[in-house]
Structure formats: structure tokens, C-alpha cells
Amino acid sequence: MLGIGKVGWIEKDAPKAGPYDAIVKPLAVAPCTSDIHTVWEGALGDRKDLILGHEAVGEIVEVGDEVKDFKVGDRVIVPAITPDWRSEAVQQGFQQHSGGMLAGWKFSNFKDGVFAEEFHVNDADMNLAIMPKGMSLEQAVMLPDMAPTGIQGAELARIKPGETVAVIGIGPVGLMSVAGAAILGAGRLFAVGNRQVCADLATEYGATDIIDYKKGDIVEQIMKATNGKGVDAAIVAGGSSDSLGQAIEITRPGGTISNVNYFGSGDTIPIPRLAWGNGMSHKDIRGGLVAGGRLKMEQMVDLAVYNRIKPEKMVTHVFDGFENMEKALLLMKDKPKDLIKPVVLL
Ligand code: NDP
Ligand code: ZN
């Protein structure tokens, strides 16, 4: 990112590992819609000459003296979020916010990201996970961000077996929310999107009803389908600044609205007063940045290895070589009909 709205190539000095850190050479990377918000909406404010990217798997090329569990040559999954584990926020249970709100998200936010020949990982023992032998790079690179973000959407929604759930937005994040909701036991499961490629995979991941937001108001469509009752939980994993309000409208009193969408612009997000029971609906609005860290990655590995999730099915475009990075990033910006997620192999 050269500045807001501008990307290109840049030369930087190679990063060095501190005593607890590692330097990783990427083997596969993927652009995230968050990179698009960051660059083209300036959603984090101005960033100059910042290396983008926070989804990578790679090979360790250097470790600090104090790193115990990883060595040069290990193939690792690198979480998008790499918290400072020696922080008060960790003791409060929110490592994502170690060092300040969202500050556990370092790559392509506060420090150079992973779209580089080598990148720096703080606290390697706490922030890396071994990539299992035999796991494909396409599958592995869906684990740093897409799988845990989407699944967190389902966790935050506090889904109980048999409950009715709606996922608004079924790009790669929302698709993983659909998969997560199915794992947690959703009964009827609405998936809101438009592109056929996403709708088909949502159905495969467990959605029971596809709602096309281009074919009418989604609130009306879901309220009609539920005989006016609405859903127990709604997960916002995409959409516009109106999506949160729509989630509130379709959720029953006492239900939960979970947000993992990154609202990239505007100062405020509307809450519909009446649908929120004039403030007294007991509808719980929650939202969060993906957790990151080693344990989360190891759990994602197990979900993939034991066939609970198949995130590799979201990879619709595979490129070879660093020179295609920009093309992959721009695909993520333009979202053509046949795209869910592009990956670049290095
Ligand atoms: P995509 O852009 O690929 O998917 C967005 C989805 O929303 C698509 O299904 C799209 O449908 C749908 N959509 C668009 N407009 C509307 C609308 N008006 N109403 C309902 N649905 C709509 O995004 P990703 O899946 O890659 O990412 C989703 C969000 O998650 C992004 O904001 C991203 O930045 C954020 N994110 C958050 C993280 C966290 O830690 N919380 C981590 C990673 C990402 P269609 O395209 O078919 O028209
Ligand atoms: Zn991301």
C-alpha cells in the first residue's frame, strides 16, 4: 500500500528476528477483503509504504534464541492476528486487543504484512502452528483468517442446537460462518448473498435457504419465510452499513446479532429503533476481530484435518508466483462472478 487508493511494489530491508520471534518465507498467501477496505476505503486511516497481507503459510528461515517449539525449515500456519501475549488484554480474555483496540492485528495494519519475500512474526511459540504434512497449501492458507473469522461469527451468535440462524454475506468469511453455524447445530440456516458460486457452496456447507438480496428486501424475505417470527441469531459477515440494522430487524427479542464484518466507511452505523424494541428488546449485539494465536490455528487445523470444514473449496483462483500478487488483490477488489477467494502460491 503506497497510500490510500494506491498499490504497487516496494523494496524494504529484510526483517530480523528478536529473541522470541521468527522470520517466515511465504509459500502461499491470499488477499483479504480487509486489505481492500484498508487501501481503497482508507478504513484504518492513512498508511504509507506498508506491505499488505495477513493471510499466509510459509517456511521458517530464522528463529530467535528463545524460540523453543519451532526451527528453521518448519512449515507453519501464520495467524492473521499475532497478539502480544504479555499484555493485560490477554488476561482480560481479549488478545485481539493487546496493546489497544484491534492492535493484536499487526500485519498490514501496524507493521508490514505477508505479501513479501520474508516477513516477521512476533512471539513465534505463541503465534505459529505447524502445518500438517500432506495438507494442501490451498487448504492451509484458508486457516489464518477465513476459517477462524467466519467460525467466530457463529460462536459469537451463541447458536444452540436446532435454532434458526441467518448469515448475511456469503463471501469466504460468511461461508465459514455457515459452516460454523452448521457445526454448532443450527436447524434452519438462511444464507444471504447473490453470486451463484457462493450460494452453491453455502448450500454444500449446510445452508437450508438461500436469500438473494438483489431480489427484494432481505428483512421481508426472511420474516415471510419464518411466518413473522424471525431468527434466533443473525451473523453479519458482509453487506452494507444497513446490514447490522437488517440483522436486528430479523432477530427475535432476546436473540443475538453477531458481527464479523469490517465496516469500512462512515462515522455511524444505524440501529433501527423500533426493531430494537426502543432499546428494550434484549437483542444482544456482539462483534469481534478474529482471535489469532497458536491455539486457534491448531484448532482450525483439526477442524480441517478431521473433515469438519472444507475451506479449500472456497479457493476459486490459484496463481503462481509473486508477480501475480497484484492481480489477485485486484480480483478481490472487483469480485467477479466466479470468484470466492484467490490464492497465490510462491
Ligand atoms: P466478500 O466481499 O467476498 O463477501 C461479501 C458478501 O456480502 C457477499 O456474499 C456479497 O454478495 C454480500 N453482500 C454484498 N452486499 C450485500 C447487501 N447489501 N446485503 C446482503 N449481502 C450483501 O467479503 P469477505 O467474505 O471476504 O469478507 C467479509 C467481511 O469480513 C469484510 O468486511 C472483511 O473485511 C471482513 N473481515 C473481518 C475479519 C474479522 O476479524 N472480523 C477478518 C477478515 C475479514 P455478492 O458478492 O454475491 O453480491
Ligand atoms: Zn482479513
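Chemist: Tell me about the site of ligand 1, residues and numbers included.
Modeler: In the vicinity of ligand 1 lie 27 residues, with Thr33, Arg195, Tyr213, Asn261 and Lys335 positioned nearest. For ligand 1, an oxygen atom lies 2.9 Å from a polar atom in the side chain of histidine 37. Within the side chain of tyrosine 213, one N or O atom sits 2.5 Å away from an oxygen atom of ligand 1. In isolation ligand 1 exposes 940 Å². Once the protein is present, 88% of that is buried. No other element matches helix H1 (residues 33-40), which puts three residues into the shell around ligand 1. For the shell around ligand 1, the per-class residue count stands at 13 nonpolar, eleven polar and three charged. Lining the shell around ligand 1 are residues from two domains, each supplying at least three of them: domain 1 (22-145 + 290-345) and domain 2 (149-287).

Chemist: Could you give an account of helix H9 (residues 243-250), with specific residues and numbers?
Modeler: Counting buried positions along H9 gives six out of eight residues, so the element sits mostly inside the fold. Listing the buried residues of H9 in full gives Ser243, Leu244, Gly245, Ala247, Ile248 and Ile250. Packed against the buried residues of H9 are strand E6 (165-168), helix H8 (218-225), strand E9 (231-236), strand E10 (251-259) and strand E11 (284-287).

Chemist: If you had to explain the pairing of E10 to someone new, which residues and values would you point to?
Modeler: Of the strand pairs in this sheet, E9 and E10 are connected by five bridges, and their pairing is parallel. The residue bridging valine 231 from the neighbouring strand is threonine 251, located in E10. You can see the chain leave E9, run along H9 and come back into E10, and the turn it takes is right-handed. By the bridge criterion, four bridges tie E10 to E11 in an arrangement that is parallel. Directly across from asparagine 259, in E11, lies its bridge partner glycine 287.

Chemist: Got a sec to walk through the pattern of salt bridges? Specific residues and values, please.
Modeler: Within this structure, the stated rule accounts for 14 salt bridges. Of the charged contacts, one joins glutamate 204 and lysine 313 as a salt bridge, the two residues approaching to 2.4 Å between their closest N and O atoms. Of this pair, glutamate 204 sits in helix H7 (residues 196-205) while lysine 313 sits in the loop between helix H10 (294-305) and strand E12 (315-320), and the two are 109 residues apart along the sequence. The class of glutamate 204 is partly exposed, set by a relative accessible area of 48%.

Chemist: Explain the coordination of the zinc ion (ligand 2) to me, using residue names and the numbers behind them.
Modeler: For the zinc ion (ligand 2), the full set of protein donor atoms is Cys32 (SG), His54 (NE2) and Asp145 (OD), and the range of their distances to it is 1.8 to 2.3 Å. Of note, the zinc ion (ligand 2) draws all its donor residues from one chain, in the sequence arrangement C-x21-H-x90-D. Of this pair, cysteine 32 sits in the loop between strand E1 (22-29) and H1 while histidine 54 sits in the loop between H1 and strand E2 (56-63), placing them 22 residues apart in sequence. Judged by relative accessible area, histidine 54 falls into the buried class, the value being 3%.

Chemist: I'd like a description of the domain arrangement of the protein chain, backed by residues and values.
Modeler: With domains assigned, the protein chain is organised as domain 1 (22-145 + 290-345) and domain 2 (149-287). Domain 1 and domain 2 are separated by 26 Å when their C-alpha centres are compared. Contact with domain 1, which involves 29 residues of that partner, is made by 19 residues of domain 2. Across the domain 1/domain 2 interface, buried area totals approximately 1,800 Å², and carbon plus sulfur atoms make up 61% of it. There are two salt bridges connecting domain 1 and domain 2. Its salt-bridge partner being lysine 296, residue glutamate 155 comes within 3.8 Å of it at the nearest N-O pair. For the pair domain 1 and domain 2, the number of links is eight residue pairs in polar contact (both at pLDDT 80 or more). For the side of domain 1 that touches domain 2, the elements supplying multiple residues, two or more each, are H1 and H10. Tallied by class, residues from the side of domain 1 that touches domain 2 come to 14 nonpolar, five polar and ten charged.

Chemist: Outline the packing of helix H6 (residues 172-184) against H7, supporting the account with residue identities and numerical values.
Modeler: Remark: H6 packs on H7, axes separated minimally by 9 Å, with the N-to-C direction vectors making an angle of 15°. When the interaxial angle is binned, H6 and H7 end up roughly parallel. Crossing handedness for the pair H6 and H7: right-handed. Two secondary-structure elements touch here, H6 through Leu175, Met176, Val178, Ala179 and Ala182 and H7 through Cys198, Leu201, Ala202 and Tyr205. Of the residues in the contact of H6 with H7, the class split is nine nonpolar, no polar and no charged.

Chemist: I'd like a rundown of the confidence of the model for the protein chain, residues and numbers included.
Modeler: Confidence in the prediction of the protein chain, expressed as mean pLDDT, is 97, and 100% of residues score 70 or more. The secondary structure element of the protein chain with the lowest average pLDDT is H1, at 95, and the one with the highest is E6, at 99.

The rules behind each value
- Residues numbered from 1 in each chain as written.
- Chains lettered and ligands numbered in written order.
- Predicted model: local features only at pLDDT ≥ 70, side-chain atom pairs only at ≥ 80, totals over all residues.
- Heavy atoms only, no water.
- Near = heavy atom within 4 Å.
- Polar contact = N/O pair within 3.5 Å; in protein donor to acceptor, adjacent residues only side chain to side chain.
- Areas by Shrake-Rupley, 256 points an atom, 1.4 Å probe, with all protein chains shown as cover.
- Helix = DSSP H or I, 4+ residues; strand = E, 2+ residues; numbered from the N terminus.
- Nonpolar A, V, L, I, M, F, W, Y, C, P; charged D, E, K, R; others polar.
- Domains from an automatic or database assignment.
- Buried < 20%, exposed > 50% of the residue type's maximum accessible area, 1.4 Å probe, protein only.
- Contact = heavy atoms within 4.5 Å.
- Pairing = 2+ DSSP bridges.
- Right-handed = clockwise from strand over helix to strand, strands pointing away.
- Salt bridge = Lys/Arg side-chain N within 4 Å of Asp/Glu carboxyl O.
- Donors = N, O, S within 2.8 Å, 3.2 Å for Na, K, Ca; no water.
- Buried area = accessible area lost by both parts, 1.4 Å probe.
- Axes fitted to C-alpha atoms, helices over the stretch in contact; angles between N-to-C directions.
- Parallel < 35°, antiparallel > 145°, perpendicular 65-115°, else oblique.
- Left-handed = near helix turned anticlockwise from the far one by under 90°.
- pLDDT = per-residue confidence, 0-100.

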